[in-house]
Amino acid sequence: MQPMGRLRLGVNIDHVATVRNARGGALPDPLRAALLAEAAGADGITAHLREDRRHIRDQDIEALMAGLSIPLNFECAATDEMQAIALRHKPHAVCLVPEKREERTTEGGLDVAGDENRLAAFVAPLREAGCRVSLFIGHEARQIEASARVGAAVVELHTGRYCDLVADGHLEEAAVELAALQKGSALAHSLGLEVHMGHGLNFETAAEVAAFPEVQELNIGHFLIGEAIFRGLGPAIEEMRRRMDVVRAEMERA
Ligand code: PXP
């Protein structure tokens, strides 16, 4: 199977909720942002319900489930509380991420290899409920292989380190990290896993990972919400969509 084709864009709206919560009250409304993202060409919406509810809240998940016509990717930690919420809503996808209270954002990938039995038992009821389970992991072969064994349908490879290296101007190390992500995508695909990428992506770094033929979805949040301050959310998403499509069109021609 060759998965290259239209690359899906998942828009993460967590930071609309971050801005709302900074003031209290109801604005800006994450659902409104999600609907705007949908109109601008997003293929899915991602929302991370963190244990401390620092941005997305339980009511946001309810509103997104009721109001969206594109798939919701419900991102959460692998805890009993989050599993119960996922099983109640049955979103299209559940993306399991590691979570530490003190971190500012999701810092590393999930240690699937070190927690294989628990995760296999955790994934099973979500699969049975019809959710596509995605594991947010690093590009190491042992994590990818363990993800296939625990029954995940998808792996999302963590692009945060690559994006940080680019941002800090460490371009040689960034190239090494990018090559490792590419190798990881090929391995995951060969094991029958759907491959997504996300964390820290901007126009330039997204274009680099969009060039991996195995990748089927990019999940992007912080950059797009930040860019929305300058050009509006719809235009920011349209520009990301356009750039992703350009990369794929060039690959189809090659
Ligand atoms: N994918 C996953 C699994 C994430 O945890 C996050 C951050 O919440 C993202 C994608 C989006 O990252 P960013 O907001 O840096 O684009």
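The structure reproduced in this document is the subject of the present report. All figures in this text were calculated on a predicted structure; none of them were measured in a lab.

Aromatic rings considered in pairs are described by the distance between their centres and by the relative angle of their planes. Within this structure, the stated rule accounts for one aromatic pair. Taking 4.8 Å as the distance between ring centres and 80 degrees as the angle between the ring planes, the aromatic pair formed by Phe203 and Phe223 counts as edge-to-face. With Phe203 in helix H9 (residues 203-210) and Phe223 in helix H10 (residues 222-231), this pair connects stretches of sequence that are 20 residues apart. The class for Phe203 is buried, based on a relative accessible area of 5%.

The next point concerns the nonpolar core. Ranked by size, the top nonpolar core spans 74 residues in total, and within it Val11, Ile13, Ile45, Phe74, Leu96, Leu135 and Leu218 carry the most contacts. Of all the elements, helix H11 (residues 233-253) adds the most residues to this core, at seven residues. Aside from chain neighbours lying at most four places away, what touches Ile45 is Val11, Ile13, Ala34, Ala37, Leu68, Ile70, Pro71, Leu72 and Asn73.

In this section: the pattern of salt bridges. Scanning the model with the defined rule gives 17 salt bridges in all. Linking Glu194 and Arg8 is a salt bridge whose minimum nitrogen-to-oxygen distance equals 2.6 Å. Taken together, the positions of Glu194 in strand E7 (residues 194-198) and Arg8 in strand E1 (residues 8-12) put the pair 186 residues apart, joining distant regions of the chain. The salt bridge involving Arg149 is made with Glu116; its shortest N-O contact spans 2.8 Å. Here Arg149, found in helix H6 (residues 141-149), pairs with Glu116, found in helix H5 (residues 116-128); they are 33 residues apart in sequence, far enough to count as distant.

Around the ligand there are 14 residues in total, and Glu75, Glu156, Gly200, Gly221 and His222 lie nearest to it. The separation between an oxygen atom of the ligand and a polar side-chain atom of Glu75 is 2.5 Å. For the ligand, an oxygen atom lies 2.8 Å from a polar atom in the backbone of Gly200. Look at the ligand: alone it shows 400 Å² of surface, and the protein chains cover 95% of it. Of the residues assigned to the shell around the ligand, the class counts are four nonpolar, seven polar and three charged.

Now for the sheet that holds strand E5 (residues 132-137). The strand order around the closed barrel built from eight strands is E1-E2-E3-E4-E5-E6-E7-E8, with neighbouring strands paired in parallel fashion. For this sheet, the mean inter-axis angle between neighbouring strands, taken without regard to orientation, is 25 degrees. Sheet topology places E1 next to strand E2 (residues 44-48); three bridges connect them, and they run parallel. Of the residues in E2, the one forming a bridge with Gly10 is Gly44.

Moving on: the environment of Asp52. Its location among the elements puts Asp52 in the loop between E2 and helix H3 (58-67). Of the polar contacts made by the side chain of Asp52, one reaches the backbone nitrogen of Arg54; its length is 3.1 Å.

Rules and cut-offs
Residues numbered from 1 in each chain as written. Predicted model: local features only at pLDDT ≥ 70, side-chain atom pairs only at ≥ 80, totals over all residues. Heavy atoms only, no water. Phe/Tyr/Trp six-rings, centres within 6.5 Å; stacked < 30°, edge-to-face > 60°. Helix = DSSP H or I, 4+ residues; strand = E, 2+ residues; numbered from the N terminus. Buried < 20%, exposed > 50% of the residue type's maximum accessible area, 1.4 Å probe, protein only. Core = buried A, V, L, I, M, F, W, Y, C linked by side-chain atoms within 4.5 Å. Contact = heavy atoms within 4.5 Å. Salt bridge = Lys/Arg side-chain N within 4 Å of Asp/Glu carboxyl O. Near = heavy atom within 4 Å. Polar contact = N/O pair within 3.5 Å; in protein donor to acceptor, adjacent residues only side chain to side chain. Areas by Shrake-Rupley, 256 points an atom, 1.4 Å probe, with all protein chains shown as cover. Nonpolar A, V, L, I, M, F, W, Y, C, P; charged D, E, K, R; others polar. Pairing = 2+ DSSP bridges. Axes fitted to C-alpha atoms, helices over the stretch in contact; angles between N-to-C directions.

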